[in-house]
Amino acid sequence: MSHFPAATETLGTLHTAPLAPLLTRLFAQAEENSPRNAEALADLSDDELERQMRSKTGYIDFYTRLKDFPLAVSPETGQLLYMLARSMRAQNVVEFGTSFGVSTLHLAAALRDNGGGRLISCEFEPSKIERAQRNLSEARLLDLVELRAGDALQTLSADLPAAIDLVLLDGAKALYPEILALLEDRLRPGAFVVADNADHSPAYLARVRSSNAGYMSIPVGADVELSMRLG
Ligand SMILES: C[S@@+](CC[C@H](N)C(=O)[O-])C[C@H]1O[C@@H](n2cnc3c(N)ncnc32)[C@H](O)[C@@H]1O
């Protein structure tokens, strides 16, 4: 006889109400709003857009233009985050870039299904923090999440868990190396770092892929770099 419950008996937080219908709604909204992203940036040439995405100073202006857009991770990346956090029984998770909280909801659902934990999530746009708070509250996951308002360069420079299991990098791409540096000495051996759209941060990719930086790192799917802390 199996020691494990039948899979049909174990549908977790991600696949049941209130979170499942909320995510369906948020992904539909993200899909609907994505052509408008282009409109919001229509006055920028491709080169200027790439320059702003790679700029260490222009990111506030860039993301302020996009403050009404979800810019959410893909459904597949959301599921990847949930699966990683569940399989490693993550308890301490840090997220750079909350927006409306789509990735946050997946990570918090995994913590709930793991039996609890702490998710620190950073966002500098106040209206986005309010929306994320509403979504987390609707999903009954707000108790697991500490939303840090302000620039993550400051908000992640203190009061971190002693050991971090999992990190999502999904804020300004140019800051990925700096944010990783703030968290690095807290990453426990075997910790995962998921970096969305990391191809816009060549310096980050060079670091995590370098043979002596202490990571194993591979691209996954179209737009994610998955790195594991060695040690
Ligand atoms: C791609 S969106 C995040 C999407 C979110 N992870 C999701 O799946 O719903 C990036 C967000 O990071 C925020 N952001 C960018 N740079 C930041 C910084 N330095 N500090 C705090 N938030 C930042 C932006 O305002 C934007 O809302």
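Residues numbered from 1 in each chain as written. Predicted model: local features only at pLDDT ≥ 70, side-chain atom pairs only at ≥ 80, totals over all residues. Heavy atoms only, no water.

1. Focus: the overall build of the chain
And step 1. Looking only at helices and strands, the chain has 9 helices and 7 strands in total.
And step 2. Over its C-alpha trace the chain gives a radius of gyration of 17 Å, about what one expects of a compact globule, namely 17 Å for 231 residues.
And step 3. For the chain, the spread of C-alpha atoms along the principal axes amounts to about 60 × 45 × 30 Å.
And step 4. Residues classed as buried in the chain amount to 50% of the 231 residues present.
And step 5. For the chain, the exposed area adds up to about 11,200 Å²; of that, 54% sits on carbon and sulfur atoms.
And step 6. Where the 22 positive side-chain charges of the chain centre and where its 31 negative ones centre are 5 Å apart. (Helix = DSSP H or I, 4+ residues; strand = E, 2+ residues; numbered from the N terminus. Rg over C-alpha atoms; globule rule 2.2 N^0.38 Å. Buried < 20%, exposed > 50% of the residue type's maximum accessible area, 1.4 Å probe, protein only. Areas by Shrake-Rupley, 256 points an atom, 1.4 Å probe, with all protein chains shown as cover. Lys, Arg positive; Asp, Glu negative; His and termini not counted. Charge placed at Lys NZ, Arg CZ, Asp CG, Glu CD.)

2. Quick look at the pairing of strand β1 (residues 92-96)
The two faces of a sheet get side chains in turn, since along a regular strand they alternate between them.
And step 1. Of all 5 residues in β1, 5 are buried, a share of seventy percent or more.
And step 2. Burial of the side chains of β1 extends over both faces: Asn92, Val94 and Phe96 are buried on one face and Val93 and Glu95 on the other.
And step 3. As judged from the 5 bridges shared by β1 and strand β2 (residues 118-123), these two strands associate in the parallel manner. Each bridged residue has a counterpart across the sheet, and for Glu95 the counterpart in β2 is Ser121.
And step 4. Taken together, the 4 bridges between β1 and strand β4 (residues 164-169) define a ladder with parallel strand orientation. Of the residues in β4, the one forming a bridge with Val94 is Val167. (Pairing = 2+ DSSP bridges.)

3. So, the pairing of β4
And step 1. Counting buried residues in β4 gives 6 out of 6 residues, a clear majority hidden from the surface.
And step 2. Inspection of the sheet shows β4 paired to strand β5 (residues 187-196) by 5 bridges, in the parallel sense. Across the sheet, residue Leu168 finds its bridge partner in β5, namely Val194.
And step 3. Crossover β4 to β5 through helix α8 (residues 176-183) is right-handed. (Right-handed = clockwise from strand over helix to strand, strands pointing away.)

4. Quick notes on the confidence of the model for the chain
And step 1. Model confidence for the chain is summarised by a mean pLDDT of 94, while 97% of its residues fall at 70 or above.
And step 2. Least confident of the elements in the chain is helix α2 (residues 46-54), whose mean pLDDT is 83; most confident is β1, at 99. (pLDDT = per-residue confidence, 0-100.)

5. A few points about the site of the ligand
And step 1. Of all residues adjacent to the ligand, which total 24 residues, the nearest are Gly97, Ser103, Glu123, Ala152 and Asp170.
And step 2. Between a nitrogen atom of the ligand and a main-chain N or O atom of Phe124, the distance comes to 3.2 Å.
And step 3. Between the ligand and Ala172, the relevant distance is 3.2 Å, taken from a nitrogen atom to a main-chain nitrogen or oxygen of the residue.
And step 4. Protein contacts shield 98% of the accessible area of the ligand, which totals 610 Å² for the unbound molecule.
And step 5. In terms of residue class, the shell around the ligand is made up of 12 nonpolar, 7 polar and 5 charged. (Near = heavy atom within 4 Å. Polar contact = N/O pair within 3.5 Å; in protein donor to acceptor, adjacent residues only side chain to side chain. Nonpolar A, V, L, I, M, F, W, Y, C, P; charged D, E, K, R; others polar.)

6. Focus: unusual backbone geometry
And step 1. For the bond from Ala17 to Pro18, the omega torsion is 5°, close enough to zero to count as cis.
And step 2. The residue Pro18 is located in the segment before α1 (19-40) in this model.
And step 3. You will see that Leu71, though not glycine, has its phi angle at about 50°, which is positive.
And step 4. For Leu71, a relative accessible area of 32% gives the class partly exposed.
And step 5. Within the chain, Arg89 stands out as a residue other than glycine whose phi angle is a positive 50°.
And step 6. By the secondary structure assignment, Arg89 is in the loop between α4 (75-87) and β1.

7. Here's the deal with the pattern of salt bridges
And step 1. Scanning the model with the defined rule gives 16 salt bridges in all.
And step 2. Between Lys67 and Asp68 there is a salt bridge; the shortest N-O distance is 3.7 Å.
And step 3. Taking relative accessible area as the criterion, Lys67 reaches 30% and is therefore assigned partly exposed.
And step 4. Close ionic contact of Arg112 with Asp143 constitutes a salt bridge, the shortest N to O distance being 2.7 Å. Of this pair, Arg112 sits in helix α5 (residues 102-114) while Asp143 sits in the loop between α6 (126-138) and β3 (145-149), and the two are 31 residues apart along the sequence. (Salt bridge = Lys/Arg side-chain N within 4 Å of Asp/Glu carboxyl O.)

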